[in-house]
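Topology and contacts: notes
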Amino acid sequence: MWRQSALGEVIGGAVTADLGAGYQDVIVASTRGAEVLDGKTGALLAVLESHVGLQNCALVTDDPNGSIGVTLAGYGPTGGGVVEHYELAGSSGAKVAEAGAWPMFHHDPYLSGNAQEKSPRG
């Protein structure tokens, strides 16, 4: 297990995605942008939107071009709203919903993110 201090206050939660290393990396939204952390070591890999305050989780998606997309929404230094979408070059969007992934929204009791998933009760 590892522990990492955030660059800003963490008000929202964390999401995970396999960003290409074969395991789940962690994306943490804070008041100083979104930090991308190595899922095995906690090492800081990147900071997205360092001048934007985020109060919610990043949205991780399988983008139409086949890559992983990360959408962030927050407030800028002057208080205006900001929405930014990133596509992670060389990533595979198919890995967004793989076992162990924790995308922003979970619609079913299996926590798969698949809104069509059926309950074990039928």
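Reference entry: report on the structure contained in this document.

Rules and cut-offs
- Residues numbered from 1 in each chain as written.
- Predicted model: local features only at pLDDT ≥ 70, side-chain atom pairs only at ≥ 80, totals over all residues.
- Heavy atoms only, no water.
- Helix = DSSP H or I, 4+ residues; strand = E, 2+ residues; numbered from the N terminus.
- Buried < 20%, exposed > 50% of the residue type's maximum accessible area, 1.4 Å probe, protein only.
- Contact = heavy atoms within 4.5 Å.
- Areas by Shrake-Rupley, 256 points an atom, 1.4 Å probe, with all protein chains shown as cover.
- Patch = residues over 30% accessible without salt bridge, like charges linked within 9 Å, V, L, I, M, F, W, Y side chains within 5 Å.
- Salt bridge = Lys/Arg side-chain N within 4 Å of Asp/Glu carboxyl O.
- Pairing = 2+ DSSP bridges.
- Axes fitted to C-alpha atoms, helices over the stretch in contact; angles between N-to-C directions.
- Core = buried A, V, L, I, M, F, W, Y, C linked by side-chain atoms within 4.5 Å.

Here we come to the overall build of the protein chain. Helices and strands together make up the secondary structure of the protein chain, namely zero helices and eight strands. Mapped in sequence order, the helices and strands of the protein chain form the string β-β-β-β-β-β-β-β. A total of 122 residues make up the protein chain; the buried ones form 34% of that total. Look at the contacts in the protein chain between residues 6 or more apart in sequence, and 36% of them connect residues 24 or more apart. Within the structure as shown, the protein chain displays about 7,100 Å² of accessible surface, and the carbon and sulfur contribution to it stands at 54%.

The grouping of L7, L44 and V47 at the surface amounts to a nonpolar patch, some 220 Å² of accessible area in total. Tracing the chain through its elements places L7 in the segment before β1 (14-17).

Below, the discussion takes up the sheet that holds β1. On the basis of which strands lie adjacent, the open sheet formed by four strands has the order β1-β2-β3-β4 and antiparallel pairing. A strand with exactly one partner marks an edge of an open sheet, and here the two such strands are β1 and β4 (44-48). The sheet shows a mean angle of 25° between the axes of neighbouring strands, taken without regard to direction.

By size, the foremost hydrophobic cluster in this structure holds 16 residues, and its most contacted members are I27, V60, V70 and L72. Elements supplying a minimum of two residues to this core: β1, β2 (25-30), β3 (33-37) and β7 (68-75). When residues of this core are assigned to their parent elements, the largest contribution, three residues, is made by β7. If sequence neighbours within four positions are ignored, V70 has contacts with I27, L48, A58, L59, E84, H85, Y86 and L88.

The subject of this paragraph is unusual backbone geometry. Even without being a glycine, E49 presents a positive backbone phi close to 55°. Position of E49 relative to the elements: it lies in the loop between β4 and β5 (53-54).

Tracing the backbone shows V96 in the segment after β8 (81-88). Overall, V96 belongs to the buried group, its relative accessible area being 9%. C-alpha of V96 to C-alpha of D62: the two residues are 34 residues apart in sequence and 6.1 Å apart in space.

Of all five residues that make up β3, five are buried, and the element is covered over most of its length. The sheet contact formed by β2 and β3 spans five bridges and is antiparallel. Residue V28 lies in a different strand from β3, and its bridge partner there is E35. Hairpin connection, β2 to β3: the antiparallel pair is bridged by two residues. Relative to β4, β3 runs antiparallel, the two being bridged by four bridges.

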